[in-house]
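# Results of the structural survey
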Amino acid sequence: MSDYTRASLESVFREEHGRLLATLVRRYGDLDLAEEVTSEALEAALQHWPIDGVPIKPGAWLLTTARRRAVDRLRRDQSYAARLAILHVEQDRAAPVSAADEPSEDFPDERLQLFFTCAHPALQADDRLAITLRCLAGLTTAEVARAFVIPQSTAGQRISRAKKKIRDARIPFRVPDTDELPQRLPGVLQVVYSIFTEAYSASSGENLIRLDLAEEALRLGRILRALLPNEREASGLLALMLSTHARHAARTRDGMVLMLEEQDRELWDRDMIAEGSTLVVHALTGGSPGPYGVQAAIASLHAEAPTAAETDWPQIVELFGVLATIAPSPIVSLNRAAAVAMRDGPQVGLELLELLRRDPQLQSYHPFHAARADLLCRCNRFDEAADDFRRALALAGSEPERRYLRRRLMEAERSGG
Amino acid sequence: MKYMLLINAPSAEFDNGCSVEDWVQFGKEMQDAGVWVTGHALADLTTATTVQVDSAGERSVTDGPFAETREVLGGFEVIDVPDLDAALDWAARCPGSRGGGSVVVRPIAEF
């Protein structure tokens with residue numbers, strides 16, 4: 001098989017894996033069985049398609065093949081015999097493999113149920129991320145381990161712990177009812193956003209952004225948005241990730257992180273920004289906005305500004321104000337203070353930061369010290385700025401961020417006494 | 001599937017403000033829904049006795065455990081419901097989950 005065929009098949013598989021798995025889990029109520037026959041079906045496709053050609057409905061072909069394997073397994077396993085009768089799955093064995101006569105309704109999209117199962121609050125947060133990447137993004141255990149920079153054994157433990165709890169405590173495969181949805185949806189969005197922030201907050205090491213992981217999060221965000229077209233926060237989350245990720249190519253230069261005002265805006269992905277802006281409109285239309293929608297609106301304003309100086313700071317300050325009421329946190333207050341400084345001048349910003357200085361969370365948050373140092377520079381208080389850059393350096397993790405802070409520290413020291 | 005709801009209070013003297021009627025009502029709701037299997041409130045923690053048998057087969061009996069443990073098991077219910085979400089819903093309706101108390105939901109192992 002040519003590399004090209006393999007690559008194009010792999011992209012089909014990435015698309016179909018989550019749907020196939022979700023459908024099979026739904027049908028057989030057994031995540032392990034569903035996983036095994038999903039990978040067997042993909043394996044079979046790798047053997048047959050390069051010779052017989054890719055079927056017209058690859059998804060239906062895969063589903064039929066996987067079902068046959070599942071029934072074979074259920075038959076062989078005595079302990080499943082009773083369940084087999086209950087499931088009435090015998091007809092699956094006889095179902096035709098011909099793709100053309102499989103109606104597409106036969107392959108409904110049940111990934112949303114799988115999202116809610118993988119993001120169930122009864123699972124540990126780390127386990128939720130791991131099982132979501134495993135089941136919905138179709139990552140292997142090794143890939144999950146690489147995504148979180150953890151040993152493969154740890155990733156394996158997280159995945160199997162989650163599976164065991166799903167099975168033994170019987171976490172249901174279902175989408176919550178309309179009255180429960182507002183309570184449960186944030187958990188699902190949180191899982192996807194956590195995968196995205198993990199890609200962006202490499203706490204150590206040489207790379208600031210892990211592209212593959214960010215792209216997985218975007219892919220999951222797109223699926224969620226497609227499955228929940230009326231949920232504005234699903235649009236908000238996708239918009240936030242798009243507007244942020246659109247700037248990734250400009251975020252570093254020569255291994256050093258660049259602040260927004262230093263970035264080459266030519267490198268920003270205009271299509272992604274436009275897509276994000278459109279989604280923001282949906283996220284903010286009708287009713288009071290959610291935190292993802294508001295954050296997306298802020299990211300979108302940054303992305304749309306032709307130059308840093310032309311950024312709509314008054315609007316950004318307003319939006320941070322909204323965010324501070326619906327999702328208050330010291331970090332939101334910090335960001336609002338930074339935006340106020342851009343609108344009203346560094347002195348006003350410094351006064352606001354003074355009020356936040358005692359917050360223990362911000363004490364150990366290097367962007368706080370870096371932001372304060374930056375404002376002190378703008379007020380020509382270079383010696384104090386140097387102290388704050390040193391504080392930030394002591395806390396900062398990734399090498400690109402450290403390089404930026406070292407450069408700023410040197411500049412402050414040179415300008416100071 | 002059967003789940004046990006373990007009803008915990010943060011201390012022996014703890015009062016979460018729920019009345020006897022609240023508990024009676026909760027029991028009735030479970031029975032009316034046909035999910036109740038069994039359940040009991042436990043007598044005061046000071047009446048508890050602990051038994052241990054060591055490797056030599058020697059039995060030791062001690063008073064307690066006492067309330068220095070952070071959570072005190074005050075009672076339990078066993079319910080039969082389709083899945084964890086249903087069990088969590090019942091746990092949330094249990095008066096013991098309110099006012100600082102908590103309910104631990106444990107699936108009952110099936111062999």
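All residue numbers refer to positions counted from 1 along the written sequence of the respective chain. Chains and ligands are labelled sequentially in the order written, the chains with letters from A and the ligands with numbers from 1. Totals for whole chains, interfaces and linings use every residue, but because this is a predicted model, local features are given only for residues with pLDDT of at least 70 and side-chain atom pairs only at 80 or more, for both listing and counting. Only hydrogens and water are set aside; all other atoms, that is, all heavy atoms of the structure, feed into the side-chain values.

### Overview of the UniProt feature "domain: RNA polymerase sigma factor 70 region 4 type" (unreviewed entry) in chain A
UniProt tags residues 118-166 of chain A as "domain: RNA polymerase sigma factor 70 region 4 type" (unreviewed entry). Here a strand is any run of E in DSSP of at least two residues, a helix any run of H or I of at least four, and the numbering for each starts at the N terminus. Within residues 118-166 of chain A, the helical portion is 69% and the strand portion 0%, while the C-alpha atoms at the span's ends are 8 Å from each other. UniProt positions are given in the numbering used here, feature names are shortened, and annotations may be inferred rather than shown by experiment.

### Quick word on the pairing of strand S1 (residues 2-9) of chain B
Residues and elements named next belong to chain B. Type-normalised accessible area, obtained with a 1.4 Å probe on protein chains alone, sets the label of each residue: buried when under 20%, exposed when over 50%, and partly exposed for intermediate values. For S1, the buried fraction is high: 6 of the 8 residues fall into the buried class. Here, a strand pair is defined by DSSP locating no fewer than two bridges between the strands. Pairing of S1 with strand S5 (residues 72-80), which is carried by 8 bridges, proceeds in the antiparallel orientation. Each bridged residue has a counterpart across the sheet, and for Ile 7 the counterpart in S5 is Gly 75. Of the pairings in the sheet, the one linking S1 to strand S6 (residues 102-107) comprises 6 bridges and is antiparallel in character. Counterpart to Tyr 3 in the pairing with S6 is Pro 107.

### Side note on the environment of Leu185(A)
Residue and element names in this part refer to chain A. Note on placement: Leu 185 falls in helix H10 (residues 181-200). Sequence-wise, Leu 185 and His 366 are 181 residues apart; in three dimensions their C-alpha atoms are separated by 31 Å. Those residues in contact with Leu 185 that sit more than four places away from it in its chain are Phe 116, Leu 228 and Glu 231. Throughout, a residue-residue contact means that at least one pair of heavy atoms, one from each residue, lies within 4.5 Å.

### Observations regarding helix H19 (residues 366-378) of chain A
Residue and element names in this part refer to chain A. Given the number of residues in a helix, its expected span is that number minus one, multiplied by 1.5 Å. In a regular helix each residue adds 1.5 Å, so 13 residues correspond to 18 Å; H19 covers 19 Å between its end C-alpha atoms and thus fits that length. By the criterion of burial, H19 is predominantly enclosed, with 10 of the 13 residues buried. Listed as buried for H19 are His 366, Phe 368, His 369, Ala 370, Arg 372, Ala 373, Asp 374, Leu 375, Leu 376 and Cys 377. Looking one or two residues beyond H19, the residue adopting positive phi is Asn 380, at roughly 60°.

### Comments concerning the side chain of Arg247(A)
All names here are of chain A. Relative to the helices and strands, Arg 247 resides in the loop between helix H12 (232-245) and strand S1 (252-253). Within 3.5 Å is the distance limit for a polar contact, defined as a pair of N or O atoms, with the added protein rule that one can donate a hydrogen and the other accept it, and that residues adjacent in sequence qualify only through two side-chain atoms. At 3.5 Å, the side chain of Arg 247 and the backbone oxygen of Ala 299 are in polar contact. Not counting residues within four places of it along the chain, the set of residues in contact with Arg 247 comprises Leu 260, Gln 263, Trp 268, Ala 299, His 302 and Ala 303.

### Brief notes about the pattern of salt bridges
Residue and element names in this part refer to chain A. Whenever Lys or Arg places a side-chain nitrogen within 4 Å of a carboxyl oxygen from Asp or Glu, that contact is recorded as a salt bridge. Applying the stated rule across the entire model yields 36 salt bridges over all chains. For Glu 354, the salt bridge is made with Arg 372, and the minimal N-O distance between the two is 3.6 Å. In this pair, Glu 354 is assigned in helix H17 (residues 346-356) and Arg 372 in helix H19, connecting sequence segments 18 residues apart. Residue classification places Glu 354 among the partly exposed positions, given a relative accessible area of 39%. Across the pair Asp 374 and Arg 408 runs a salt bridge, and its minimum N-O distance is 2.9 Å. With Asp 374 in helix H19 and Arg 408 in helix H21 (residues 399-415), this residue pair connects regions lying 34 residues apart in the sequence.

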